[in-house]
Amino acid sequence: MDKRGQSAIEFLVTYGWAILIGGIAVVAISYLGAFRTEKFIPEICVIEPGIGCPGFNIHQDSVKLQLTNSKGENLVVSGIQVQGCNPNNEMRLLKSGETGEFVVDGCNNEVKERYKGEVKMSYTKETGLAHTAVGEVQGIVAEAVEIVEAPPGVVGGEEGGGEEVTGLTVASGKQRYFVRSNPNSPQFLEVTIDPLDVHVGDNQTMSVWIRDQEAPITQITAAVETDTGIRTYLLTLIDGTNQDGTWTGSWIVRDTHSREYTTNFTAKNSLGEISSTVLTWSDPCAPPTYGAWTLDDNCGISGVQGVENGSTTIAGYTMSVHAGGIFVWNHGQSIQVTTGAIALADGAQLRQSYIWMSDYDRDGVPTNTTMFVGDTAPGGDTTYFVRRYNITTYSSYDVNDTYAGYYQNLSCYIDADMDGYKTGSAANTQSGGDCPPGYVLAPTDAAINDCNDNNNAVC
Ligand SMILES: [Ca+2]
Ligand SMILES: [Ca+2]
Ligand SMILES: [Ca+2]
Ligand SMILES: [Ca+2]
């Protein structure tokens with residue numbers, strides 16, 4: 001026996017009793033409840049190397065995690081699962097170095113007790129490879145957080161609320177877009193336009209981060225289309241390599257395109273393969289009110305927009321979600337990116353939830369064209385709000401939202417006795433599909449008045 005082994009045995013013989021007695025004391029103290037106080041439960045939140053968890057709250061009904069991306073590249077997070085709670089399938093961008101808050105609800109934790117559970121985080125790296133990180137969270141459960149519901153009509157903020165739709169607007173300053181596409185050749189990863197809102201004489205810079213696993217990139221162009229024509233600019237490699245690098249171009253703006261424009265970035269490699277990403281502020285995306293949607297043109301989203309009761313396919317074109325924009329797709333449905341791309345701006349979101357609109361009289365024509373996002377109706381108000389799949393059109397609104405019989409104004413003539421002969425000239429009249437009783441849309445003769453509009457047997 002070597003000297004070290006002998007010393008270990010001597011140590012155990014000499015101090016073994018002391019260790020054993022100490023152990024019994026610890027068991028006794030914990031049995032008496034001395035360790036059943038909050039401060040003796042270590043707070044733990046670990047995910048995996050490169051994903052930090054600097055803060056968290058465990059509530060009776062929900063768990064909130066702060067997750068930091070230290071992977072050195074942007075990640076698209078597609079889901080967070082915490083054991084015993086409902087999964088959060090919101091898809092969002094977690095930029096390199098950024099800390100984001102992720103909340104899961106539907107938990108049933110016991111207040112003031114210890115909670116320990118598994119955390120799963122699904123994300124996609126810039127290569128397009130999907131990954132699931134598995135970690136753990138432990139702490140003492142606090143009481144449920146009270147969710148303050150916003151009053152109907154003044155909806156905003158977090159849970160139970162929603163964001164108001166706006167038109168397709170151009171944000172100001174530097175705008176960065178994270179591009180999510182299937183790894184094709186060449187593959188766009190990021191596009192930056194600085195500034196986005198330009199005036200004549202301004203210097204504008206556009207840069208793209210692009211990768212190609214197969215062949216070196218030989219040319220990248222940015223074609224800026226405005227109502228005064230198309231200008232094409234050549235970008236040059238300024239960082240990295242021609243298979244993984246950043247290309248940029250700067251120019252003085254000759255015509256202003258601060259309101260509506262489209263920029264088509266095209267990359268070509270030495271094999272002649274071409275791919276492009278198109279950012280547009282000209283054409284709002286217009287999925288149907290309900291049902292599956294396949295992207296059919298390059299388009300942009302500035303407010304709340306999305307797909308109700310159907311799947312989403314991004315093929316052939318680019319859907320740009322601008323700063324403040326939220327693209328919504330339903331729980332249980334999917335987004336498939338086949339040959340197209342999603343360009344997601346800083347401050348834009350892809351959210352798995354539902355779209356709500358106000359329709360008080362339930363005639364399928366909304367009170368206004370505002371769309372809201374939320375797992376429940378805005379402010380919990382189901383008197384006014386319905387899921388958008390109940391709406392027949394979201395681009396026009398109800399002229400009378402208290403009566404289901406009327407939803408539009410038609411140019412009607414008075415015809416009190418309903419004999420087809422009119423009185424006076426046509427005027428805008430609240431109507432359904434046709435002019436209401438006592439009115440006529442197309443009179444027998446628009447040139448003459450009824451000689452007696454109280455008697456349908458005369459004239
Ligand atoms: Ca209505
Ligand atoms: Ca109506
Ligand atoms: Ca008449
Ligand atoms: Ca008459």
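Located above this text is the structure these notes cover.
Residues numbered from 1 in each chain as written. Chains lettered and ligands numbered in written order. Predicted model: local features only at pLDDT ≥ 70, side-chain atom pairs only at ≥ 80, totals over all residues. Heavy atoms only, no water.

(A) A look at the sheet that holds strand β29 (residues 408-414). One open sheet holds the three strands; their spatial order is β30-β29-β31, and the pairing between them is antiparallel. The open sheet has two edge strands, β30 (423-431) and β31 (439-440), and neither has a second partner. Here β29 runs beside β30; their pairing, made up of six bridges, is antiparallel. Following the sheet pairing, N409 is matched in β30 by Q430. (Pairing = 2+ DSSP bridges. Helix = DSSP H or I, 4+ residues; strand = E, 2+ residues; numbered from the N terminus.)

(B) Just the coordination of the calcium ion (ligand 3), in detail. Donor atoms from the polypeptide that bind the calcium ion (ligand 3) are D415 (OD), D417 (OD), D419 (OD), Y421 (O), D450 (OD) and D453 (OD), placed at 2.2 to 2.4 Å. The coordination sphere of the calcium ion (ligand 3) comprises six donor atoms, whose angles at the metal cover 78 to 178 degrees; the geometry is octahedral. Written as a sequence motif, the donor residues of the calcium ion (ligand 3) are D-x1-D-x1-D-x1-Y-x28-D-x2-D. The metal-metal distance between the calcium ion (ligand 3) and the calcium ion (ligand 4) is 3.8 Å, with D417 coordinating both. Of the two residues, D415 and D417, neither departs from the other in class, the shared state being buried. (Donors = N, O, S within 2.8 Å, 3.2 Å for Na, K, Ca; no water. Tetrahedral: all angles 85-135°; square planar, octahedral: opposite > 155°, others 65-115°. Buried < 20%, exposed > 50% of the residue type's maximum accessible area, 1.4 Å probe, protein only.)

(C) Highlighting the side chain of R211. Along the chain, the position of R211 falls in strand β11 (residues 203-211). On the accessibility criterion, R211 (13% relative accessible area) is buried. Side chain to side chain, R211 and D244 meet in a polar contact 3.3 Å long. In this structure, R211 is in contact with E126, T127, P186, Q187, L189, I217, Q243 and D244, ignoring residues within four places of it in sequence. (Polar contact = N/O pair within 3.5 Å; in protein donor to acceptor, adjacent residues only side chain to side chain. Contact = heavy atoms within 4.5 Å.)

(D) Representation of the coordination of the calcium ion (ligand 4) within the structure. Protein coordination at the calcium ion (ligand 4): the donors are D417 (OD), D419 (OD), D450 (OD), D450 (OD), N452 (O), N455 (O) and V458 (O), at 2.2 to 2.8 Å from the metal. On the primary sequence, the residues serving as donors to the calcium ion (ligand 4) are separated as D-x1-D-x30-D-x1-N-x2-N-x2-V. Its relative accessible area of 17% is what places D419 among the buried residues.

(E) Layout of the nonpolar core. Within the largest apolar cluster, 46 residues are counted, with the highest numbers of intra-cluster contacts made by V191, I193, F265, M319, V321 and F327. Considering every element that reaches this core, the biggest residue donor is strand β24 (residues 341-345), with five residues. Each of domain 1 (39-140) and domain 2 (163-348) gives at least three residues to this core. Those residues in contact with V321 that sit more than four places away from it in its chain are Y177, I301, I326, F327, I342, A343, L344, A345, A348, Q349 and L350. Of all hydrophobic cores here, the second largest spans 25 residues; its members include I51, V77, V82 and V104. (Core = buried A, V, L, I, M, F, W, Y, C linked by side-chain atoms within 4.5 Å. Domains from an automatic or database assignment.)

(F) Just the state of the cysteines, in detail. Scanning all chains against the criterion turns up five disulfides. Note that C85 is cross-linked by a disulfide to C107, the S-S spacing being 2.1 Å. Judged by the torsion about the S-S bond (110 degrees), the C85/C107 disulfide is right-handed. Taken as a pair, C85 in the loop between β4 (75-82) and β5 (92-94) and C107 in the loop between β6 (99-104) and β7 (114-124) lie far apart in primary sequence, 22 residues in all. Residue pairing for C285: its cysteine sulfur links by disulfide to C299, the two sulfurs lying 2.0 Å apart. Between C285 and C299 the sulfur-sulfur dihedral comes to about 90 degrees; the bridge is accordingly right-handed. With a gap of 14 residues between them, C285 in the loop between β16 (274-280) and β17 (293-294) and C299 in strand β18 (residues 299-301) connect regions that are remote in the sequence. Assigned by exposure class, C285 and C299 land together as buried. (Disulfide = S-S within 2.5 Å.)

(G) Region of interest: a negative patch on the surface. A contiguous patch of negative charge, built from E225, D283, D296 and D297, is present on the exposed surface. Its place among the elements puts D296 in the loop between β17 and β18. (Patch = residues over 30% accessible without salt bridge, like charges linked within 9 Å, V, L, I, M, F, W, Y side chains within 5 Å. Areas by Shrake-Rupley, 256 points an atom, 1.4 Å probe, with all protein chains shown as cover. Salt bridge = Lys/Arg side-chain N within 4 Å of Asp/Glu carboxyl O. Lys, Arg positive; Asp, Glu negative; His and termini not counted. Charge placed at Lys NZ, Arg CZ, Asp CG, Glu CD.)

(H) Looking closely at the sheet that holds β5. Read across the sheet, five strands follow the order β1-β8-β7-β4-β5 without closing on themselves; strand pairing throughout is antiparallel. The strands lining the two open edges of the sheet, one partner per strand, are β1 (44-46) and β5. Averaged over all pairs of adjacent strands, the angle between their axes in this sheet comes to 30 degrees, without regard to strand direction. Inspection of the sheet shows β4 paired to β7 by six bridges, in the antiparallel sense. Within β7, the position partnered with I80 by the bridge is M121. (Axes fitted to C-alpha atoms, helices over the stretch in contact; angles between N-to-C directions.)

Function cannot be read off these values alone, since they describe shape.
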